[in-house]
Amino acid sequence: MAAKIPPFEHTSLDEIPAVAARIRQSFLSHKTRPLEFRLVQLRKLYWALKDNEALIIEACKEDLGKPTFETHLAELSWCMNDIVFMQNNLPRWAKDEKAEDINFTNKLMGPRIRKDPLGAVLVIGAFNFPIQLSLGPLIGAISAGCTAVLKPSESSPHCAAVMQKIIAESLDPEYYTIVQGAIPETTALLDQKWDKIFYTGSANVGTIIAKKAAETLTPVALELGGRNPSFITKNADPKLAARRLLWAKTFNAGQVCVGQNYTLIDKEMVQPFVKELEVQLKQFYPQGARNSPDYGRIVNQRQFQRLKKMLDESRGKILIGGTMDEDDLFIEPTVVQVDSMNDSLIKDESFGPFLPILPVNDLDEAIKIANEVHATPLGLYPFGSKAEMEKVLSQTRSGGATLNDGFFHASIPTLAFGGVGDSGQGAYRGKASFDVFTHRRSVTSTPTWIEGMLDMRYPPFTAKKLQQ
Ligand code: NAD
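Note that the coordinates shown come from a computational prediction; the quantities given were computed from them, not determined experimentally. (Residues numbered from 1 in each chain as written. Predicted model: local features only at pLDDT ≥ 70, side-chain atom pairs only at ≥ 80, totals over all residues.)

A. Broad picture of the overall build of the protein chain. The helix and strand tally for the protein chain stands at 18 helices and 17 strands. What you see for the protein chain is a C-alpha radius of gyration of 25 Å, in line with the 23 Å of a compact globule of 468 residues. Dimensions of the protein chain, computed from C-alpha atoms along their principal axes, come out at roughly 80 × 65 × 40 Å. In the protein chain, which comprises 468 residues, the share counted as buried stands at 46%. For the protein chain, the proportion of contacts with a sequence separation of at least 24, taken over those separated by at least 6, is 71%. (Helix = DSSP H or I, 4+ residues; strand = E, 2+ residues; numbered from the N terminus. Rg over C-alpha atoms; globule rule 2.2 N^0.38 Å. Buried ≥ 20, exposed ≤ 12 C-beta atoms within 10 Å, placed from the backbone. Contact = placed C-beta atoms within 7 Å.)

B. Summary view of the packing of helix α2 (residues 35–51) against helix α4 (residues 68–93). Two elements in contact, α2 and α4, have axes separated by 10 Å at closest approach and are oriented at 160°. Here α4 runs roughly antiparallel to α2, going by the angle between their axes. Like other packed secondary-structure pairs, α2 and α4 cross with a definite hand, here left-handed. Of the residues in α4, those touching α2 at Leu35, Arg38, Leu39, Leu42, Leu45, Tyr46, Leu49 and Lys50 are Leu76, Cys79, Met80, Ile83, Met86, Gln87, Leu90 and Pro91. Each residue belonging to the contact of α2 with α4 can be placed in one class, and the counts come to 13 nonpolar, one polar and two charged. (Axes fitted to C-alpha atoms, helices over the stretch in contact; angles between N-to-C directions. Parallel < 35°, antiparallel > 145°, perpendicular 65-115°, else oblique. Left-handed = near helix turned anticlockwise from the far one by under 90°. Nonpolar A, V, L, I, M, F, W, Y, C, P; charged D, E, K, R; others polar.)

C. Structural context of the packing of α2 against helix α6 (residues 132–144). Interaxial distance between α2 and α6 falls to 8 Å at its minimum, and their mutual angle equals 155°. Taken together, the axis directions place α2 and α6 in an arrangement best described as roughly antiparallel. Mapping the contact onto sequence places Arg38, Gln41 and Leu42 in α2 and Ile139, Ile142 and Ser143 in α6. Split by residue class, the contact of α2 with α6 holds three nonpolar, two polar and one charged.

D. Quick look at the sheet that holds strand β17 (residues 438–443). Reading across from one edge, β1-β2-β17 is the order of the three strands in this open sheet, with antiparallel pairing throughout. Edge positions in the sheet fall to β1 (97–98) and β17, since each of these pairs with one other strand and no more. Sheet analysis places strand β2 (residues 112–117) next to β17, joined by six bridges and oriented antiparallel. Each bridged residue has a counterpart across the sheet, and for Asp116 the counterpart in β17 is His439. (Pairing = 2+ DSSP bridges.)

E. Layout of unusual backbone geometry. Cis rather than trans, the peptide bond between Pro459 and Pro460 has omega equal to 0°. Secondary-structure assignment places Pro460 in the loop between α17 (451–454) and α18 (463–467). Its identity as a non-glycine residue notwithstanding, Phe351 has a phi of 55°, on the positive side. Among the secondary structure elements, Phe351 is positioned in the loop between α13 (344–347) and β14 (354–360).

F. Here's a closer look at the UniProt feature "active site" (unreviewed entry) in the protein chain. Feature annotation in UniProt places "active site" (unreviewed entry) on Glu223 and Cys257, given in this structure's numbering. In three dimensions, the annotated residues from a span of 35 residues occupy one location, with a maximal C-alpha spread of 9.2 Å. Residues contacting Glu223, with those up to four places away along its chain left out, are Tyr199, Thr200, Gly418, Gly419 and Gly424. By the element assignment, Cys257 lies in the loop between α10 (238–250) and β9 (262–266). Sequence-distant contacts of Cys257, defined by excluding residues within four places in its chain, comprise Gly225, Gly226 and Leu378. (UniProt positions renumbered as here; feature names shortened; annotations may be inferred.)

G. Examining the nonpolar core more closely. In this structure, Val121, Val123, Ala141, Ala148 and Met163 are the most contacted members of the largest nonpolar core, which totals 118 residues. Contacts of Ala148, omitting those with residues within four sequence positions, involve Ile23, Val121, Val123, Leu138, Ala141 and Tyr176. (Core = buried A, V, L, I, M, F, W, Y, C linked by C-beta atoms within 7 Å.)

H. Representation of the UniProt feature "domain: Aldehyde dehydrogenase" (unreviewed entry) in the protein chain. When the UniProt feature table is mapped to this numbering, "domain: Aldehyde dehydrogenase" (unreviewed entry) covers residues 14–443. Secondary structure content for residues 14–443 is 44% helix and 16% strand, and the end C-alpha separation is 41 Å.

I. A look at the site of the ligand. Lining the immediate environment of the ligand, one finds 28 residues, of which Ser153, Gly201, Ser202, Gly225 and Cys257 sit closest. Elements that contribute at least two residues to the shell around the ligand include exactly α8 (183–190) and α9 (203–215). Counting residues per element, the shell around the ligand draws most heavily on α8, at three residues. Across the shell around the ligand, the residue classes tally to twelve nonpolar, twelve polar and four charged. (Near = placed C-beta within 6 Å.)

J. Seen up close, the environment of Phe383. When you line up the elements, Phe383 lands in strand β15 (residues 381–383). Residues Phe383 and Leu240, spaced 143 residues apart in sequence, show a C-alpha to C-alpha distance of 9.1 Å. When sequence neighbours within four positions are dropped, the list of residues in contact with Phe383 reads Phe231, Ile232, Thr233, Ala236, Ala241 and Asn404.

K. The arrangement of the environment of Pro130 in detail. Position of Pro130 relative to the elements: it lies in the loop between β3 (120–124) and α6. On the basis of neighbour count, Pro130 is assigned to the buried category, with 28 C-beta atoms found within 10 Å. Taking the C-alpha atoms as reference points, Pro130 and Leu45, 85 residues apart in sequence, are found 16 Å from one another. Excluding residues within four positions of it along the chain, Pro130 makes contact with Asp63, Gly125, Pro152, Ser153, Ser156, Cys159 and Ala160.

L. The sheet that holds strand β4 (residues 147–151), seen in detail. Reading across from one edge, β5-β4-β3-β6-β7-β16 is the order of the six strands in this open sheet, with mixed pairing throughout. A single partner strand is all that each edge strand has here, and the edge strands are β5 (176–178) and β16 (424–425). Along the sheet, helix α1 (residues 16–27) contacts β3, β4 and β5; its crossing angle with β4, the most-contacted strand, is approximately 155°.

Printed below as a string of structure tokens:
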């Protein structure tokens, strides 16, 4: 009989301090430190993902109407590939590093950097890529030798329940566990002492996490949102820009932290770009997005109503789309021409399938607007000549950037992923996933026989010593 998605059950609030204490205590057993232990856990997690493939696909469909292809690409294969990459490289990354360029006496002390696990860590996931954004950081924590509690997003409960099953089946429960719940449970978790908190979600909640962590000087990694700009100059290819930006905005029905939030477009390009968007949209969804199995849904009523309000408040003109169905949580890919950077669709993060475009006179104006809307977005996407795209990079800041495409940089497993400024702090993926949960512990060891050579450091500091 095919396995079923288990029910989503909140962890009892009373249990949470004991769970945290157990995971904290278990770190002190030092059992998670040996490399072999970590590799075994990673291997088991890999196979549990493989074994639960069908359930993951079903859960992503239940929570977000996620097309199977997207689940494979951005959840299942994503995590499995991350594990394989980690397994292949962990033995090398976990090795001590020798200090660089040192003089002879210092060399005798054998200065090196050990890669120590930070300890017991808390990972808090977000709903939009429920598996990837929870298990991705967890893979890093396991690799670094930490013990961990994972708190997935309650907004994607089917995925949260499947992850609980996967973790119980594969990982040693002494060292890794899951706590299910929403604000009260997360608050209870934040009341416990952690050696690192890794949070993915909105900047508002990120602020709550950072304040709470500061009380106990707990380090945090914050993966937050961004009002990410895209740029289309006179020299861009309108067809390519339309196709690629439409892909980036229809993927996961626009619920992507690195998706472009708005497009600053040279006024001469508006007409060809919008025409191409229409053509591409027809090609993506010949029967319309609503009838396509390849287009997802908004995660819940709360997010749906937020998006609806945002579009209602916009003073822009809908050029394409605009249809919504509350019962089905469907929002059509919607292109809106706005006339001000203060429009609701630009100044707030939509995190949905809206493509607001704001015509500009030239690239200088576009760069000025982008820097004013959000000086430190998570991603940034210029389309134009090579020189123009480099100009955008050199006059802006962002967590990452993709030139001539939507958020491709975020999909390269070996590239560290993270924000800058208020779009986040701390990066992960690839080696960065190991580093973010690792303490680089500097160590030297003074040989006994060297004492004679060190004699001059001891008082009294005679005139003879000063001359040496
Ligand atoms: P969400 O509702 O899934 O919340 C994220 C997590 O925060 C959940 O686990 C939730 O339980 C917890 N949470 C919510 N309110 C809380 C509170 N008051 N106190 C403590 N914990 C609380 O997701 P969201 O926050 O709506 O996610 C959307 C945002 O996340 C967007 O801004 C998006 O850009 C950002 N995001 C960023 C990344 C990234 O990697 N940088 C990835 C995905 C999403």
